[in-house]
Amino acid sequence: MWKDALNNVCFRALRCAAPSVVTAAIALAQFPISEESSHSGPVEDAAVGARPQPERIEFNGVPAVRAVDNSSATRVIAPAVQDFDRGNGPDIATIQTDGTLYVRFNDGSGKLDHPYSNHSAAALSAAITLLDSGDLNGDGNVDLAALDSRNSMVLVFLNNGNRTFSTAVQIPVSSSATASLAGGGFAIADANGDRKPDLVTVARSTNAGATVLTQQTFLNAGNGTFQPSPQVTMPLPGVFSLDVGRSISIADLNRDGKIDLVLQLYQAAPVQGIR
């Protein structure tokens, strides 16, 4: 990532060298992704020759609770878990593919209240594929943002601080007449180092068996409003799309103090880097 003469946030596209390797930069060491390197258990002591047994961890069984308040609901997207009311510990937010938002608040003992619902996005004929969270307007309350792949926009639900959320704020994301968030994605991250969470988006278009990914960052003014930065495109041979769900990971891969992106693509090459 770098800044141009106008102090806009830009990303440089860089493709993986192999499906099992993330290449962050020419001068940066490669990080192999393999069963051996990703093993998180205890490493065998060569001197002793024995592998210590891990401690046993058990989870108590708990009754299941419905994510929504009706049986005819559309598909529910993976939850966002945060202390939304700043009161009794982590709460659980879910959103249906049609844009209906639900939040179940924790009573402090792990029991979840009847869900609060917000139907403000349902009239958009949305197709939600991702829900993320962060304090987007700096008031100390955790807000929510969702990706609407059908309308190519990010929907922002600001936390009112009283166990309710605002009407969905629409942030269109479209680099051209053909590129959209259908097969794209977004993440919440501080892209320019000002300690304000921004919206990092990747749109997608295809033509004649080729794919173009368009990355664009929407910089947070600090009050929950966003300004678009310049776009950067990355052509790919073949038809690719970002996988459904959290397909964008944020990390400083080359330790330069700037965030890098790792994209999970659906098809031949499973990992794609943008720096």
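Given the structure is predicted, the values throughout are model-derived calculations rather than measurements.

Caption draft 1: Representation of the sheet that holds strand β8 (residues 101–104) within the structure. The strand order β6-β7-β8-β9 describes an open sheet built from four strands, whose pairing is antiparallel. Where the open sheet ends on each side, the last strands, each with one partner, are β6 (76–82) and β9 (116–118). Direction aside, neighbouring strands of the sheet carry axes that sit 20° apart on average. Where β6 lies against strand β7 (residues 91–96), five bridges are found, and the strand directions are antiparallel. Within β7, the residue paired with I77 across the bridge is I95.

Caption draft 2: Structural detail: the environment of V65. Its location among the elements puts V65 in the loop between β5 (31–32) and β6. The partly exposed category is assigned to V65, whose relative accessible area is 49%. Expressed as a C-alpha distance, the spacing of V65 and H114, which sit 49 residues apart in the sequence, is 9.5 Å. In this view, V65 contacts R104 and L112; residues no more than four positions away in its chain are not counted.

Caption draft 3: Region of the structure containing the packing of aromatic side chains. Taken as a whole, this structure holds two aromatic pairs when the rule is applied. Between F84 and F165 the ring centres are 5.9 Å apart and the planes differ by 75°, which places this aromatic pair in the edge-to-face class. Taken as a pair, F84 in the loop between β6 and β7 and F165 in the loop between β12 (153–157) and β13 (169–172) lie far apart in primary sequence, 81 residues in all. Each member of the aromatic cluster is reached from another via a ring pair, and the members are F84, Y116 and F165.

Caption draft 4: Main features of the nonpolar core. Core analysis: the biggest nonpolar cluster contains 21 residues, and F84, I95, V103, L144, F157 and F165 have the highest contact counts within it. Looking at this core, the elements with two or more residues in it are β6, β7, β8, β10 (128–134), β11 (143–148) and β12. Per-element accounting of this core gives the leading share, three residues, to β12. Ignoring sequence-local partners within four residues, the contact set of I95 consists of R75, V76, I77, T100, L101, I128, L131, A146 and F157.

Caption draft 5: Broad picture of the confidence of the model for the chain. Per-residue confidence for the chain gives a mean pLDDT of 78; residues scoring 70 or more make up 71%. Below a pLDDT of 50 lies the segment residues 1–10, which in the model reaches 25 contacts outside its immediate sequence neighbourhood of four places, other chains included. Long-range and interchain partners of residues 14–48, a stretch whose pLDDT sits below 50, account for 47 contacts in this model, where long-range means more than four residues apart.

Caption draft 6: Molecular detail of the pattern of salt bridges. For the structure on display, the rule yields three salt bridges. Across the pair D85 and R163 runs a salt bridge, and its minimum N-O distance is 2.9 Å. Highlighted residues: D85 in the loop between β6 and β7 and R163 in the loop between β12 and β13, separated in sequence by 78 residues. Linking R163 and D113 is a salt bridge whose minimum nitrogen-to-oxygen distance equals 3.0 Å. Placement of the pair is R163 in the loop between β12 and β13 and D113 in the loop between β8 and β9, with a sequence separation of 50 residues. Taking relative accessible area as the criterion, D113 reaches 27% and is therefore assigned partly exposed. Via salt bridges that share partners, D85, D113 and R163 belong to a single interconnected network.

Caption draft 7: Quick peek at the sheet that holds β12. Read across the sheet, four strands follow the order β10-β11-β12-β13 without closing on themselves; strand pairing throughout is antiparallel. Of all strands in the sheet, those bounded by a partner on one side alone are β10 and β13. Sheet twist, expressed as the mean angle between neighbouring strand axes with direction ignored, is 25°. Relative to β12, β11 runs antiparallel, the two sharing five bridges. By the bridge assignment for β12, A145 is matched with V156.

About the criteria used
Residues numbered from 1 in each chain as written. Predicted model: local features only at pLDDT ≥ 70, side-chain atom pairs only at ≥ 80, totals over all residues. Heavy atoms only, no water. Pairing = 2+ DSSP bridges. Helix = DSSP H or I, 4+ residues; strand = E, 2+ residues; numbered from the N terminus. Axes fitted to C-alpha atoms, helices over the stretch in contact; angles between N-to-C directions. Buried < 20%, exposed > 50% of the residue type's maximum accessible area, 1.4 Å probe, protein only. Contact = heavy atoms within 4.5 Å. Phe/Tyr/Trp six-rings, centres within 6.5 Å; stacked < 30°, edge-to-face > 60°. Core = buried A, V, L, I, M, F, W, Y, C linked by side-chain atoms within 4.5 Å. pLDDT = per-residue confidence, 0-100. Salt bridge = Lys/Arg side-chain N within 4 Å of Asp/Glu carboxyl O.

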